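Chain and residue survey
This is what each chain is made of:
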Amino acid sequence: MALFISAEGGEGAGKTELVRALAEQAERCGAEVVRTFEPGATPLGAALREQLLQNDEPIAPWTETFLFLADRAHHVDQVIRPALARGAVVICDRYLDSTFAYQGYGRELDLDLLRAMNRQAGGGLLPNLTLFLDVPAGVALARARPERRDRIGLETVDFHSRVLEGYKRIALAEPERVKTLDAMSPLPEVVAAAWAHIAPRLQRLGYRMDEAGR
């Protein structure tokens, strides 16, 4: 009865709020939900996150990539696979598509090499469903609270525009897995659109669909 869902998008797209709302709705359907995130969901990951996002020291693009992938390998091993093995619904705020979008398109690193490295770090584990929150880079950055902007969030609009373009290309290449949501809409509408993709999957797995979980 396991289900693995990831939420993707740029800074300020609304992923955290969406993940929280979807987790609550899935729990009302009787699912055990593990809500997690990258980077930093484990003690080791928290240390890596601090170095990646709060460190003032310059970090080379490949160094940044290796640190993100180290976090992912540990996260999959310690959090995601154990949860899926016991039948939980895992909803993850960022996963492997972030590496392609940010390091591949944003940093302009080799996509084929990143694909192979991502596959190794995640042990071949792909989400059953990825929700991409599409919002223009400038709008998303304006939404993000200044005090919460980290090293990557402080990159240029051009960088974040490349990241957004990367996400759009991923969605076009994998339409069965990646579903695009209009994140310019109010949050309740975004949640409803996302739930329309999740509910049939939960129903096929035997979870109850009632008034709260339709």
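For the structure, see preceding data.
**A short note on the packing of aromatic side chains**
Taken as a whole, this structure holds five aromatic pairs when the rule is applied. Pairing tyrosine 102 with phenylalanine 159 gives two aromatic rings, centres 6.2 Å apart and planes at 55°, and the pair type is tilted. Remark: phenylalanine 159 occurs in helix α7 (residues 157–173) and tyrosine 102 occurs in helix α4 (residues 96–106); sequence separation between them is 57 residues. By relative accessible area, which is 4% here, tyrosine 102 ends up buried. Owing to a relative accessible area of 2%, phenylalanine 159 belongs among the buried residues under this scheme. Residues tyrosine 102 and tyrosine 167 carry aromatic rings whose centres are separated by 6.4 Å and whose planes lie at 80° to one another, so their mutual orientation is edge-to-face. Note that tyrosine 102 is positioned in helix α4 and tyrosine 167 in helix α7, a separation of 65 residues in sequence. Taken together, the ring pairs connect Tyr102, Phe132, Phe159 and Tyr167 into an aromatic cluster. The residue whose ring lies beneath arginine 72 is tyrosine 95, and the NZ or CZ to ring-centre distance is 5.4 Å.

**Some points on the layout of surface pockets**
Its boundaries defined by the atoms lining it, the second largest pocket holds a volume of some 290 Å³. Taken together, 17 residues line the second largest pocket, and the ones lying closest to its centre are Leu96, Phe100, Arg115, Leu126 and Glu174. Listing elements by their share of the lining of the second largest pocket, those giving two or more residues are α4, α5 (111–121) and α7. Of the residues contributing to the lining of the second largest pocket, the split by class is eight nonpolar, three polar and six charged.

**Structural notes on the side chain of glutamate 64**
Turning to its location among the elements, glutamate 64 is positioned in helix α3 (residues 61–85). Taking relative accessible area as the criterion, glutamate 64 reaches 0% and is therefore assigned buried. In this structure, glutamate 64 is in contact with Leu52, Ile59, Gln103, Arg107, Arg151 and Ile152, ignoring residues within four places of it in sequence.

**A few points about empty space enclosed by the protein**
For the structure on display, the rule yields two cavities of 30 Å³ or more. By volume, the second largest cavity amounts to about 30 Å³. Those elements giving two or more residues to the lining of the second largest cavity turn out to be β4 (129–134) and α7. Element by element, the count of residues in the lining of the second largest cavity is highest for α7, at three residues.

**Re the packing of α3 against α5**
In a packed pair of helices, the relevant descriptors are the angle between the two axes and the axis-to-axis distance. Packing of α3 against α5 brings their axes to within 9 Å, and their N-to-C directions diverge by 25°. Classified by the angle between their axes, α3 and α5 sit roughly parallel to one another. Contacts between α3 and α5 involve Trp62, Thr65, Phe66, Leu69, Arg72 and Ala73 from the former and Leu113, Leu114, Met117, Asn118 and Ala121 from the latter. A per-class count over the contact of α3 with α5 returns eight nonpolar, two polar and one charged.

**A word on the nonpolar core**
Counting 30 residues, the largest nonpolar core has Phe4, Ile80, Val90, Tyr95, Tyr102 and Leu125 as its most contacted members. Of all elements in the fold, only α2 (43–53), α3, β3 (89–93), α4 and α7 reach the threshold of two or more residues within this core. Residue contacts for leucine 125: discarding those within four places in its chain leaves Phe4, Val76, Ile80, Arg81, Leu84, Tyr95 and Leu96. By size, the runner-up hydrophobic cluster in this structure holds 29 residues, among which are Ala21, Ala31, Val190 and Val191.

The rules behind these values
- Residues numbered from 1 in each chain as written.
- Predicted model: local features only at pLDDT ≥ 70, side-chain atom pairs only at ≥ 80, totals over all residues.
- Heavy atoms only, no water.
- Phe/Tyr/Trp six-rings, centres within 6.5 Å; stacked < 30°, edge-to-face > 60°.
- Helix = DSSP H or I, 4+ residues; strand = E, 2+ residues; numbered from the N terminus.
- Buried < 20%, exposed > 50% of the residue type's maximum accessible area, 1.4 Å probe, protein only.
- Lys NZ or Arg CZ within 6 Å of the ring centre and 35° of its normal.
- 1 Å grid on protein atoms, 1.4 Å probe; cavity = no way out; pocket = protein on both sides within 12 Å on 5 of 7 lines; lining within 4 Å.
- Points joined across faces, edges and corners; volume = space filled by probe spheres on them.
- Nonpolar A, V, L, I, M, F, W, Y, C, P; charged D, E, K, R; others polar.
- Contact = heavy atoms within 4.5 Å.
- Axes fitted to C-alpha atoms, helices over the stretch in contact; angles between N-to-C directions.
- Parallel < 35°, antiparallel > 145°, perpendicular 65-115°, else oblique.
- Core = buried A, V, L, I, M, F, W, Y, C linked by side-chain atoms within 4.5 Å.

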